[in-house]
Amino acid sequence: DTEVTQTPKHLVMGMTNKKSLKCEQHMGHRAMYWYKQKAKKPPELMFVYSYEKLSINESVPSRFSPECPNSSLLNLHLHALQPEDSALYLCASSLLPSGNTIYFGEGSWLTVV
Amino acid sequence: GIQVEQSPPDLILQEGANSTLRCNFSDSVNNLQWFHQNPWGQLINLFYIPSGTKQNGRLSATTVATERYSLLYISSSQTTDSGVYFCAVERSGSARQLTFGSGTQLTVLP
């Protein structure tokens with residue numbers, strides 16, 4: 001089973017709303033990631049968690065707040081977003097250390113109105 | 001950071017044709033993956049190939065790590081092969097930072 005599950009698949013939120021994106025995997029992976037993809041662009045790394053600890057934050061604005069409550073779950077909390085934050089948000093996971101296949105979920109399409 | 005360049009940016013083929021997609025990268029890597037992104041946004045793993053050659057049905061890939069490039073071959077293309085193909089690499093010594101190329105948009109016509 002090489003599945004990363006993301007919910008919701010689609011989300012529309014206002015600029016004053018607070019919402020969360022969720023990601024789950026049961027492959028025993030200890031690295032989990034959030035990527036952001038704008039239309040017609042490649043995915044860009046936002047955050048990396050290793051052993052449930054934040055190891056990389058690619059200078060992401062604080063209106064995006066990641067959380068890794070356990071080794072299977074990864075959340076991305078959203079608050080006071082801007083319309084330019086509308087994008088496809090992809091979660092991924094992999095074994096540690098580096099040099100292993102990274103598996104992606106189907107993504108959450110976010111629209112900020 | 002590491003630079004990843006893919007070519008061609010766009011490719012239009014007739015069904016049944018063969019194609020080669022190229023990925024050049026600027027530094028040594030310990031991870032190279034090819035993905036197919038479908039119109040719904042899902043990134044599908046095609047190959048994990050930091051070096052060597054692999055084949056999976058009509059698809060095959062070769063990475064020459066010493067020369068810093070990888071090739072993805074698609075034979076007897078089908079309309080379902082349409083989509084964006086990404087090469088992504090992880091620089092040796094980096095902490096699991098996968099960097100994507102800009103992709104090749106493939107359109108297969110019936």
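Predicted, not measured: the structure shown is a model, and the values here were computed from it.

## Details of the overall build of chain B
Phase 1: Of the regular secondary structure elements, chain B holds zero helices and eleven strands.
Phase 2: Scanning chain B from its N terminus toward the C terminus, one meets helices and strands in the order β-β-β-β-β-β-β-β-β-β-β.
Phase 3: Relative to its length of 110 residues, chain B is compact, with a C-alpha radius of gyration of 13 Å against a globular reference of 13 Å.
Phase 4: Principal-axis analysis of the C-alpha atoms places the extent of chain B at approximately 45 × 25 × 20 Å.
Phase 5: Sorting the 110 residues of chain B into buried and exposed places 48% on the buried side.
Phase 6: Relative to all contacts within chain B whose residues are 6 or more apart in sequence, the contacts with residues 24 or more apart total 55%.
Phase 7: Looking at chain B as shown, the accessible area adds up to about 5,000 Å², and 49% of this sits on carbon and sulfur atoms.
Phase 8: Side-chain charges in chain B split into 6 positive and 7 negative, and the spacing between the mean points of these groups amounts to 8 Å.

## As for the state of the cysteines
Phase 1: One pass over the full model with this rule turns up two disulfides over all chains.
Phase 2: Between A:Cys23 and A:Cys91 runs a disulfide, and the two sulfur atoms are separated by 1.8 Å. Judged by the torsion about the S-S bond (-75°), the A:Cys23/A:Cys91 disulfide is left-handed. You can see A:Cys23 sitting in strand S3 (residues 18–25) and its partner A:Cys91 sitting in strand S9 (residues 87–94), a full 68 residues away along the chain. Grouping residues by exposure puts A:Cys23 and A:Cys91 together as buried.
Phase 3: Disulfide partner of B:Cys23: B:Cys87, at an S-S distance of 2.0 Å. Here the disulfide of B:Cys23 and B:Cys87 is left-handed, its torsion about the S-S bond being about -55°. Here the residue B:Cys23 occupies a position in strand S3 (residues 19–25), and B:Cys87 occupies one in strand S9 (residues 83–91), the gap between them amounting to 64 residues.
Phase 4: Here B:Cys87 falls in the buried class, since its relative accessible area comes to 0%.
Phase 5: Not part of a disulfide, A:Cys68 finds its nearest cysteine sulfur in A:Cys91, a span of 9.2 Å.
Phase 6: For A:Cys68, a relative accessible area of 13% gives the class buried.

Criteria and cut-off values
Residues numbered from 1 in each chain as written. Chains lettered and ligands numbered in written order. Predicted model: local features only at pLDDT ≥ 70, side-chain atom pairs only at ≥ 80, totals over all residues. Heavy atoms only, no water. Helix = DSSP H or I, 4+ residues; strand = E, 2+ residues; numbered from the N terminus. Rg over C-alpha atoms; globule rule 2.2 N^0.38 Å. Buried < 20%, exposed > 50% of the residue type's maximum accessible area, 1.4 Å probe, protein only. Contact = heavy atoms within 4.5 Å. Areas by Shrake-Rupley, 256 points an atom, 1.4 Å probe, with all protein chains shown as cover. Lys, Arg positive; Asp, Glu negative; His and termini not counted. Charge placed at Lys NZ, Arg CZ, Asp CG, Glu CD. Disulfide = S-S within 2.5 Å.

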